[in-house]
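# A look at the structure
Next come the chains, spelled out residue by residue.
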Amino acid sequence: MSRPPRYHLTSYGCQMNKLDAELVESRLVAAGYESAASDADADVVLLNTCSVRQHAEDRVWSRLGVLRARKRREPGLVVGVLGCMAQEHQRYLLARMPHVDLVVGPSAFGDIDVKVGEARARNAEKSGDGKQGAHVLAVGEGVSGDAIVRDPRVRPHRSQAWVSVMRGCNMPCSYCIVPSTRGQEISRPIDVVVEEVQRLCDDGVTEITLLGQTVNAYGRDLSRDVTLARLLHALHAIPALRRIAFITSHPNFLSPDLIDALADLPRVARFLHLPAQSGSDRMLKAMRRGYTVARYLSRVEQLRARAPQIALHSDFIVGYPGETEADFEATVELMERVRFAQSYVFKYSPRPGTLSAEQADDVPEDKKAERNAILLQVQERHIQADAQALVGTVQEVLVEGESKVDGRWTGRTVHHRLVHFPSSDRVVAGCYLPVRVTQALGHSLLGELLAEDHAVLPAGATA
Ligand code: SF4
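Report on the accompanying structure. These numbers were taken from a predicted model, which means no experiment stands behind them.

Strand pairing in a sheet is mediated by backbone hydrogen bonds. Such pairs are either parallel or antiparallel. What the five strands build is a closed barrel, ordered β15-β16-β17-β19-β18; its pairing is mixed. Ignoring which end each strand starts from, the neighbouring axes of this sheet average 55 degrees apart. With five bridges connecting them, strand β15 (residues 394–402) and strand β18 (residues 432–441) associate as antiparallel partners. Across the sheet, residue E396 finds its bridge partner in β18, namely P434. Relative to the sheet, helix α12 (residues 365–390) contacts β15, β18 and β19 (444–449), its axis offset from that of β18 by approximately 125 degrees.

Okay, the packing of aromatic side chains next. On inspection of all chains with the given rule, the structure shows four aromatic pairs. Their ring planes at 35 degrees and their centres at 6.0 Å tell us that Y291 and Y296 sit as a pair that is tilted. Judged by centre distance (5.7 Å) and plane angle (75 degrees), the rings of F316 and F340 are edge-to-face. Pair noted here: F316 is in strand β13 (residues 311–318) and F340 is in the loop between α11 (325–338) and β14 (342–347), with a separation of 24 residues, a long-range link. Each member of the pair F316 and F340 is classed as buried. Just above the ring of W61 sits the side chain of R96; from NZ or CZ to the centre is 4.0 Å. Over the aromatic face of Y432 sits the side chain of R242, whose NZ or CZ is 4.3 Å from the ring centroid.

Time to look at the packing of α11 against α12. Taken N-terminus to C-terminus, the directions of α11 and α12 make an angle of 15 degrees; their axes are 10 Å apart at the nearest point. Put simply, α11 runs roughly parallel to α12. In terms of crossing hand, the pair formed by α11 and α12 is right-handed. Residues E325, F328, T331, V332, M335 and E336 of α11 form the contact with α12, whose own contacting residues are K367, R371, I374, L375, V378, Q379, R381 and H382. Of the residues belonging to the contact of α11 with α12, the class tally is six nonpolar, three polar and five charged.

Around the ligand, the neighbouring residues are C169, M171, C173, Y175, C176, V178, P179, Q213, T214, H250 and R289. Considered class by class, the residues forming the shell around the ligand number seven nonpolar, three polar and one charged.

Strand order in the open sheet formed by three strands is β7-β10-β11, and the pairing between neighbours is parallel. Each edge of the open sheet is held by one strand with a lone partner, namely β7 (160–164) and β11 (243–247). Across this sheet, the average inter-strand angle for adjacent strands is 20 degrees, counted without regard to direction. Here five bridges tie strand β10 (residues 207–211) to β11, and the two strands are oriented parallel to one another. Pairing of T209 across the sheet is with A245, part of β11. Where helix α6 (residues 190–202) meets the sheet, its contacts fall on β7 and β10, and the angle it forms with β7 comes to roughly 165 degrees.

About the cut-offs
Residues numbered from 1 in each chain as written. Predicted model: local features only at pLDDT ≥ 70, side-chain atom pairs only at ≥ 80, totals over all residues. Heavy atoms only, no water. Pairing = 2+ DSSP bridges. Helix = DSSP H or I, 4+ residues; strand = E, 2+ residues; numbered from the N terminus. Axes fitted to C-alpha atoms, helices over the stretch in contact; angles between N-to-C directions. Contact = heavy atoms within 4.5 Å. Phe/Tyr/Trp six-rings, centres within 6.5 Å; stacked < 30°, edge-to-face > 60°. Buried < 20%, exposed > 50% of the residue type's maximum accessible area, 1.4 Å probe, protein only. Lys NZ or Arg CZ within 6 Å of the ring centre and 35° of its normal. Parallel < 35°, antiparallel > 145°, perpendicular 65-115°, else oblique. Left-handed = near helix turned anticlockwise from the far one by under 90°. Nonpolar A, V, L, I, M, F, W, Y, C, P; charged D, E, K, R; others polar. Near = heavy atom within 4 Å.

Quick look at the structure:
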């Protein structure tokens, strides 16, 4: 009896891409495909791509180059490019990499199994008559509602799940390709999200992360009454849910009702990803971010007045066209002032098709690298000081699994901080444990287990 066809999928880019990967995998598994341990064992190799950073695209081009040689040897192999690069580059992608069989944009993920089946059938025909040139191309405008529904059983961790609450973005940020690859904002109704989360909880999930490109703009395409704060309240009523996080927020939509929800709902996670991007008004205007530094700081102050325990995370871009030393100094100043718990710093790279790509990329690479290193050093100092301040405190840790260091386990606090602690017979992934922090280790913490009897075990666990 012949074995089921096997696929191998690699995701590049953000959490939204990883959730898309779950959707794609769930469709393939439902259609009878098996997951392969590696590319080499797969009949179908899929790359789920991201166009937001040049680096992510470069990795995909290089991987496709490697797959070309294998495709020559195995013409029946299906090579597929999914996601934002597929949407953005379509024909160019097929012209540069003619061995690619399948190009599927995010709007067509709903029937990915059918598209993969078509590509396999075409390859079988091609192998028979030796002809080249048949590709399956499925890209479209916007995002279909079906595309954001996925099988809740397919997820990387038993206790944790990502839940897409909206897709697309209506913001005009000058450097960003997302609005053209992901389309306009489409939110899922509150009852649909609640029902999905309830099903996840029935299947053992206790922590969810709500995903959206601008997640705190959630609902504005539906009605004035539908907001992220309302959604958080509705989800908070699900008893089995212990943690609710959400990413990524835009400073413009950090509304008073959302601040209240963060302050008042104890099971909403204690961190907020609120990308500032720059500390210079001139740069923020050029980036079309829609706020000033003063406005950003005033939102942070409002938040901290109501919910001082929230850890703030940010993104920064260095070397945006026209960024001067003074602009950069202003960014350092903002970082020093807010003291983020974590920041991702990116060196600007122009993305074809964006507004900023029409401007000269005039900050030299070595200057970008220097600014990148300086910001990372400042952030590092804040991380170390934060971690040091936690030594001696007791944190509730959601156990994620065994650490890479022998004999230790790893989990996260409600502030999303990584904690390692010595193993114990009673520790299982998915349980919540009290851990006393004993040492600050760079980007993580070391701790000791307290009273294991207080562990909250995941549903069905018997450890
Ligand atoms: S808010 Fe700006 S940076 Fe974020 S996805 Fe939308 S356009 Fe891109």
